[in-house]
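The chain contents come next:
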Amino acid sequence: MKVLVIGGGAREHALCRSLSLDPDVTALHCAPGNAGIAEVAELHGVNALDGQAVAELAVGLQADLVVVGPEAPLVAGVADAVRDRGIPVFGPSAQAARLEGSKAFAKDVMAAAAVPTARSYVCTTPEEVDEALDAFGAPYVVKDDGLAAGKGVVVTEDADAARAHALACDRVVIEEFLDGPEVSLFAVTDGETVVPLQPAQDFKRAYDGDQGPNTGGMGAYSPLPWADPKLVDEVMATVLQPTVDELRRRGTPFSGLLYAGLAITSRGIRVIEFNARFGDPETQVVLARLKTPLGGLLTAAATGNLAALPPLRWSDDAAVTVVIASHNYPDTPRTGDPISGLADVAEQDGPEAYVLHAGTKSDETGAVLSAGGRVLSVTATGSDLTTARQRAYRAVGRISLDGSQHRTDIAAKVAGEAAGNAGNTGNAAS
């Protein structure tokens, strides 16, 4: 089958890499793609937010499946435009994508479906903001209601900083702080059947020790040896299936990838947020472990045939990904810097370690340059997290990008300490 992937980040590179390994995928296209994706797919210079242009491209390519990667095109209705042309799409409608596009809408759906989540207030005036901040107290959790590219959330002890962030947004959700480690759980759904993937944990803060501002994500790992073996079943029963059922009841069925960001609190599982697409960088480690061909899985969801799909097959290996970011990320990142060492990773570390491109482009000489905040996701697998982590950081060490930054502690605790000492805490959102 011919597959068209929409997007140009490391998530889309991970999707394209897995699709390229599916023997049923005979042609792979990506729009707009990046320098790394160009190695496995034919690139097309189409605006990913222009639904009609994407639909025209899909028709022209005679695509059998379109996979919409990022959230902004989904919220903009790109999946709807392609579906209207009769082409199967992996990705929810604009109406269903409001689950990510509006945190207030997501809270309303969760309330109707009895999904456990943080208590919250939706605020549009300074008076409402002050009342909500006073009601919950520190640590303050303030979330921009709309899409904010992973940087719309402030978790702080500083009331002034919380208030300033709230007032800079048109509408905010202010909620209680959730304690405990965070887990990302993806599920593929056709609007009725829900198939969970393996859980992962990502690292939102920019710097080691979970310090610094929130980012789109600086690394991730899977599996989670410290997690309750019943975690996936519990999240399916209390979060994922009820949410899908509620959206179908409302007449806006959700078909695509439903991402639940969870906090494992002292009071049980709580939903921090929903996303309407694969998360980045968790996708990089989850797909690294998936043995079931990806094209067949996504097609089954897009065509309403998930119930007939055999159980997913998974590698027993662990996976770790480390994000290399540009100078000054997550503020205004510097771009246009040359990247070296990519061939060294491929020659010396593959296939156990490989580089997924996020913000890159090629110049007229073929050299790879930085073109965004998060530039590369260096991903590695191994028999355990310690081995995968060592391979990932060895590969990171081969790459040179002037002024770049990366965290040195991705999966460090869980690889080197007892279960229960895992990672980040506190309502961070992607």
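Predicted model only: the values in this text are computed from it and were never measured.

### Description of the overall build of the chain
Okay, step 1: Along its length, the chain carries 14 helices and 24 strands.
Okay, step 2: The C-alpha atoms of the chain give 20 Å as radius of gyration, which agrees with the globular expectation for 430 residues (22 Å, within 12%).
Okay, step 3: Taking all 430 residues of the chain together, 59% fall into the buried category.
Okay, step 4: Long-range contacts, defined here as pairs at least 24 residues apart, represent 70% of the contacts in the chain between residues at least 6 apart.
Okay, step 5: Within the chain, one finds 34 positive and 55 negative side-chain charges whose respective centroids are separated by 3 Å.

### Remarks on the packing of aromatic side chains
Okay, step 1: The tally for this structure, following the rule as stated, stands at 5 aromatic pairs.
Okay, step 2: Residues Phe-186 and Phe-278 carry aromatic rings whose centres are separated by 5.7 Å and whose planes lie at 90 degrees to one another, so their mutual orientation is edge-to-face. Taken together, the residues Phe-186 in strand β10 (residues 182–189) and Phe-278 in the loop between β17 (268–275) and α10 (282–289) connect sequence positions 92 residues apart. Of the two residues, Phe-186 and Phe-278, neither departs from the other in class, the shared state being buried.
Okay, step 3: Between Phe-203 and Tyr-221, the aromatic rings sit 6.1 Å apart at their centres with planes inclined by 45 degrees, giving tilted as the arrangement. Of this pair, Phe-203 sits in the loop between β12 (201–202) and β13 (205–207) while Tyr-221 sits in strand β15 (residues 219–222), placing them 18 residues apart in sequence.
Okay, step 4: Residue Phe-203 is classed as buried on the basis of its relative accessible area of 4%.

### As for the confidence of the model for the chain
Okay, step 1: Confidence in the prediction for the chain averages 93 pLDDT; 96% of positions are at 70 or higher.
Okay, step 2: Within the model, the stretch residues 417–426 combines pLDDT values under 50 with 27 contacts to residues more than four positions away or in other chains.

### So, helix α13 (residues 385–396)
Okay, step 1: Compared with an ideal rise of 1.5 Å per residue, which puts 12 residues at 16 Å, α13 spans 16 Å between its outermost C-alpha atoms and is within 8% of the ideal.
Okay, step 2: Residues Leu-385, Ala-388, Arg-389, Ala-392, Tyr-393, Ala-395 and Val-396 constitute the buried set of α13. Down the axis of α13, the buried side of the element spans an arc of 155 degrees, and every buried residue falls inside it.
Okay, step 3: Lining the buried residues of α13 we find β15, β18 (318–325), α12 (342–348), β20 (353–357), β23 (374–382) and α14 (412–416).

### Some remarks on unusual backbone geometry
Okay, step 1: Cis geometry marks the peptide bond from Ser-222 to Pro-223; its omega dihedral reads 5 degrees.
Okay, step 2: Counting through the fold element by element, Pro-223 comes out in the loop between β15 and α9 (231–249).
Okay, step 3: Residue Pro-351 is bonded to the preceding Gly-350 through a cis peptide linkage, with omega at 0 degrees.
Okay, step 4: Tracing the sequence through the fold places Pro-351 in the loop between α12 and β20.

### Some details on α9
Okay, step 1: Compared with an ideal rise of 1.5 Å per residue, which puts 19 residues at 27 Å, α9 spans 26 Å between its outermost C-alpha atoms and is within 8% of the ideal.
Okay, step 2: The sharpest bend along α9 measures roughly 40 degrees and falls at Ala-237.
Okay, step 3: Burial in α9 covers these residues: Leu-231, Val-232, Val-235, Met-236, Val-239, Leu-240, Pro-242, Thr-243, Val-244, Glu-246 and Leu-247.
Okay, step 4: Contacts made by the buried residues of α9 are with α5 (94–101), α6 (103–113), β10, β11 (194–196), β16 (256–265) and β17.
Okay, step 5: At the exit of α9 stands Gly-251, carrying a positive phi of roughly 85 degrees.

### Here's the deal with the nonpolar core
Okay, step 1: In this structure, Leu-4, Val-66, Leu-99, Tyr-221, Leu-240, Val-320 and Ile-399 are the most contacted members of the largest nonpolar core, which totals 80 residues.
Okay, step 2: Setting aside residues up to four positions removed in sequence, Leu-240 forms contacts with Leu-185, Ala-187, Val-194, Val-235, Leu-258 and Ala-260.
Okay, step 3: Core analysis: the second largest hydrophobic core is formed by 41 residues, Val-195, Tyr-259, Leu-294 and Trp-314 among them.

### So, the pattern of salt bridges
Okay, step 1: Per the counting criterion, the structure on display carries 23 salt bridges.
Okay, step 2: In this structure, the salt-bridge partner of Arg-407 is Asp-210, at a minimum N-O distance of 3.0 Å. Taken together, the residues span a long stretch of sequence, with Arg-407 in the loop between β24 (400–401) and α14 and Asp-210 in the loop between β13 and β14 (211–214) at a distance of 197 residues.
Okay, step 3: Within the structure, one salt-bridge network assembled from shared partners comprises Arg-11, Glu-12, Glu-71, Glu-100 and Arg-277.

### Structural notes on the sheet that holds strand β6 (residues 120–123)
Okay, step 1: The 4 strands lie next to each other as β6-β9-β7-β8, forming an open sheet whose pairing is antiparallel. Edge positions in the sheet fall to β6 and β8 (153–156), since each has one partner strand and no second. Neighbour to neighbour, the strand axes of the sheet diverge by 20 degrees on average, direction disregarded.
Okay, step 2: Strand contacts of α6: β6, β7 (140–144) and β9 (172–175), with the helix running at about 50 degrees to β9, the strand carrying the most contacts.
Okay, step 3: Sitting on the sheet, helix α7 (residues 126–136) touches β6, β7 and β9, and the angle it makes with β6 is about 165 degrees.

### What to know about the layout of surface pockets
Empty space among the atoms becomes apparent when a probe as large as a water molecule is rolled across them.
Okay, step 1: As a volume, the second largest pocket reaches approximately 330 Å³.
Okay, step 2: Lining the second largest pocket are 19 residues, and of these His-13, Glu-39, Ala-346, Tyr-354 and Val-355 sit closest to its centre.
Okay, step 3: Every element with two or more residues in the lining of the second largest pocket is listed here: α1 (10–20), α12 and β20.
Okay, step 4: The dominant element in the lining of the second largest pocket, judged by the number of residues it contributes, is β20, at 5 residues.
Okay, step 5: Here the lining of the second largest pocket is composed, by residue class, of 10 nonpolar, 7 polar and 2 charged.

### Observations regarding the pairing of strand β4 (residues 65–68)
Okay, step 1: Taking every second residue as pointing to the same face, both faces of β4 are buried, with Leu-65 and Val-67 on one and Val-66 and Val-68 on the other.
Okay, step 2: Note: β4 against strand β5 (residues 89–90), 2 bridges, orientation parallel. Residue Val-66 lies in a different strand from β5, and its bridge partner there is Val-89.

### Notes on the environment of Thr-386
Okay, step 1: Mapping Thr-386 onto the fold places it in helix α13.
Okay, step 2: It is 5.0 Å that separates the C-alpha atoms of Thr-386 and Ala-415, two residues lying 29 residues apart in sequence.
Okay, step 3: Among the polar contacts made by the side chain of Thr-386, one reaches the main-chain carbonyl oxygen of Ala-415 at a distance of 3.0 Å.

Calculation criteria
Residues numbered from 1 in each chain as written. Predicted model: local features only at pLDDT ≥ 70, side-chain atom pairs only at ≥ 80, totals over all residues. Heavy atoms only, no water. Helix = DSSP H or I, 4+ residues; strand = E, 2+ residues; numbered from the N terminus. Rg over C-alpha atoms; globule rule 2.2 N^0.38 Å. Buried < 20%, exposed > 50% of the residue type's maximum accessible area, 1.4 Å probe, protein only. Contact = heavy atoms within 4.5 Å. Lys, Arg positive; Asp, Glu negative; His and termini not counted. Charge placed at Lys NZ, Arg CZ, Asp CG, Glu CD. Phe/Tyr/Trp six-rings, centres within 6.5 Å; stacked < 30°, edge-to-face > 60°. pLDDT = per-residue confidence, 0-100. Expected span 1.5 Å × (residues − 1). Arc of directions from axis to C-beta. Bend = angle between axes of the 7 residues up to and from the residue. Core = buried A, V, L, I, M, F, W, Y, C linked by side-chain atoms within 4.5 Å. Salt bridge = Lys/Arg side-chain N within 4 Å of Asp/Glu carboxyl O. Pairing = 2+ DSSP bridges. Axes fitted to C-alpha atoms, helices over the stretch in contact; angles between N-to-C directions. 1 Å grid on protein atoms, 1.4 Å probe; cavity = no way out; pocket = protein on both sides within 12 Å on 5 of 7 lines; lining within 4 Å. Points joined across faces, edges and corners; volume = space filled by probe spheres on them. Nonpolar A, V, L, I, M, F, W, Y, C, P; charged D, E, K, R; others polar. Polar contact = N/O pair within 3.5 Å; in protein donor to acceptor, adjacent residues only side chain to side chain.

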